[in-house]
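# Close look at the chain arrangement
Residues per chain are reported as follows:
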Amino acid sequence: MTNTLCPAPWEHHCVNTNGRNRLCCNAVTSASKFLDGFEEYWNGEELQKVRQQMIAGERPDACISCWNKEDAGIKSLRQGMIEGLKNREGEWEKFTNDLNYVHKYPLSLDLKLGNYCNLSCRMCSSYSSSTYALEFKKILKETGIDLGINDYEKYNVQSKWYNEPKFVDTIKKMINDGLRHLKFTGGEPLMVPSVKKLLNYCIEQNKAKNIELVLITNGTLLNQEWIDIFAHFKNISIIFSIDGTEDTFEFIRHPAKWMVIKEKLNLLDKIQDDKFFICISFTYQIYNILQIRNMIELIREHKISISPTILDTPNYLDVSYAPDALKNVAITMIDNINPLNNTEKIFLRDCKNALGRNIFDKDKSKKMIEVTLLKDKYKNQNFSDTEISKYYD
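Along each chain, residue indices are assigned from 1 in the same order as the chain's sequence is written. The predicted origin of the model limits local features to residues at a pLDDT of at least 70 and limits the giving and counting of side-chain atom pairs to 80 or more, whereas totals for whole chains, interfaces and linings rest on all residues. The basis for every side-chain value is the complete set of heavy atoms in the structure, and neither hydrogens nor water enter the calculation.

## Focus on the overall build of the protein
In this description a helix means any DSSP run of H or I spanning at least four residues, a strand means any run of E spanning at least two, and both kinds are numbered starting from the N terminus. The helix and strand tally for the protein stands at 16 helices and 8 strands. Only C-alpha atoms enter the radius of gyration; for comparison, a globular chain is expected to reach 2.2 Å times N to the power 0.38, where N is the number of residues. The C-alpha atoms of the protein give 21 Å as radius of gyration, which agrees with the globular expectation for 393 residues (21 Å, within 12%). Projected onto its principal axes, the C-alpha coordinates of the protein cover approximately 55 × 45 × 45 Å. Taking all 393 residues of the protein together, the buried fraction comes to 55%. Each residue is assigned to one of three classes by its accessible area relative to the maximum for its type, calculated with a 1.4 Å probe on protein chains only: buried under 20%, partly exposed between the two thresholds, exposed over 50%.

In structure tokens form, the structure reads like this:
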């Protein structure tokens, strides 16, 4: 029964940076908007079809990202959600025994309240970063070059749909109706005033103690004030997006500085409360293809966990299309690391499996170089200084 089932269509809901509905953060985005009526979406034909397909053992098209990962031997979000339910005594059995029952409101929320972000990461888009959007708009205006991500107007920061009373009131109803899991991503959630307002609402309504909180953050704005707010919640997972160390980190996550990130990691090291879980989210891509050992050393130094996100968009940054010589070095590096625990074992396995999904693609490598060099000018960086540049002609 676990071959196609996923708890998400029954218990989880995601709202994208543009205010559209989504099964989860990995699923294909729905054409429907949250403000058009959440209840209509939650109980409507689109979601009902997905549920019925899963019950019938079919793979819904909206979930293609998870199917692709699983077929490649990489742990998917679907599998992670199933694992999470199984870790709650009796919850998986309760879920599978009554697949006709749908909660009035989701038990789990993933909110992306706009694309506010202070970084312009190499692999990002204006969908997730307002800073990237401004950079792209400048490149387009000055060079006329269209990088194929022409959505900077569509996702501009002036569209503050998440401040609409209808949205806020519906989210508050969900919080008061027994919400168990609240996740904020972005953009950069610590930049968005609405995030702090909703967290404070949970605290004021005495609901925080029953809610597991997840923050996916670039960490640059993290401070003790935020940590004190988080401490009111039942459990807290701070997912720190770090895609390499030192120069590689700064090349990818411009204009963030490695020294600042190390300071934030040291701040997190001081947390004594056992209900805090700290994890690094590592987006595996061509720029950091040789950073696996550094990441293992980093998590061991700070005694934290790590989870890989295998990048497939934009496809020219997919590690599986890298030159064979570069992939072979990466594979050798992975094979020579002795994992100390299951987390490290899964991390190394998924990164290695990601390398074998496709073969070298000359056109994609050419596209990667063209886009990288173009962005170098606007970031005042130089691809030739990176550890991977010697593998490209």
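## Digging into the packing of helix α8 (residues 165–176) against helix α9 (residues 193–204)
The axes of two packed helices give the description: the angle between them and the distance between them. Between α8 and α9, the shortest axis-to-axis distance is 11 Å and the interhelical angle comes to 35 degrees. Pair α8 / α9 crosses with right-handed handedness. Where α8 approaches α9, its residues Ile171, Lys172, Ile175 and Asn176 are matched on the opposing element by Leu198, Tyr201 and Cys202. Here, axes are lines fitted to C-alpha atoms. For helices the fit covers the stretch in contact, and angles between N-to-C directions go from 0 to 180 degrees. In this scheme the crossing of two helices becomes right-handed for a clockwise turn of the near helix relative to the far one and left-handed for an anticlockwise turn of less than a right angle. What makes two residues a contact is simply this: any of their non-hydrogen atoms within 4.5 Å.

## Digging into the sheet that holds strand β6 (residues 235–241)
Read across the open sheet, the 8 strands follow the order β2-β1-β3-β4-β5-β6-β7-β8; overall the sheet is mixed. Strand pairing shows two members of the sheet lacking a second neighbour, β2 (21–22) and β8 (305–310), which therefore form its edges. Lying over the sheet, α9 contacts β3 (108–112), β4 (181–185) and β5 (212–217), oriented at roughly 165 degrees with respect to β4. In this analysis, strands are considered paired if DSSP registers two or more bridges between them.

## Observations concerning the pattern of salt bridges
Should a side-chain nitrogen of Lys or Arg be within 4 Å of a carboxyl oxygen of Asp or Glu, the pair is scored as a salt bridge. Here the structure, examined in full by the defined rule, presents 17 salt bridges. Between Glu212 and Arg88 there is a salt bridge, with the nearest N and O atoms lying 2.9 Å from each other. Here the residue Glu212 occupies a position in strand β5, and Arg88 occupies one in the loop between α5 (77–86) and α6 (91–97), the gap between them amounting to 124 residues. On the basis of relative accessible area, Glu212 is assigned to the buried category, the value being 18%. Looking at Arg88, the relative accessible area reads 27%, which means it is partly exposed. Residue Asp110 pairs with Lys183 through a salt bridge whose shortest N-O separation is 3.7 Å. Of this pair, Asp110 sits in strand β3 while Lys183 sits in strand β4, and the two are 73 residues apart along the sequence.

## Examining the packing of helix α13 (residues 292–302) against helix α15 (residues 342–355)
Between α13 and α15, the shortest axis-to-axis distance is 12 Å and the interhelical angle comes to 165 degrees. Classified by the angle their axes make, α13 and α15 are roughly antiparallel. In this structure, α13 crosses over α15, and the sense of that crossing is right-handed. Of the residues in α15, those touching α13 at Ile292, Met295, Ile296, Ile299 and Arg300 are Glu344, Phe347, Leu348 and Cys351. Residue composition of the contact of α13 with α15, grouped by class: 7 nonpolar, no polar and 2 charged. Every angle not falling under 35 degrees, over 145, or within 65 to 115 is termed oblique; those three ranges are roughly parallel, roughly antiparallel and roughly perpendicular. For this classification, the nonpolar set comprises Ala, Val, Leu, Ile, Met, Phe, Trp, Tyr, Cys and Pro, the charged set comprises Asp, Glu, Lys and Arg, and every other residue, Gly included, is treated as polar.

It is worth stressing that arrangement in space is one thing and function is another; only the former is reported here.
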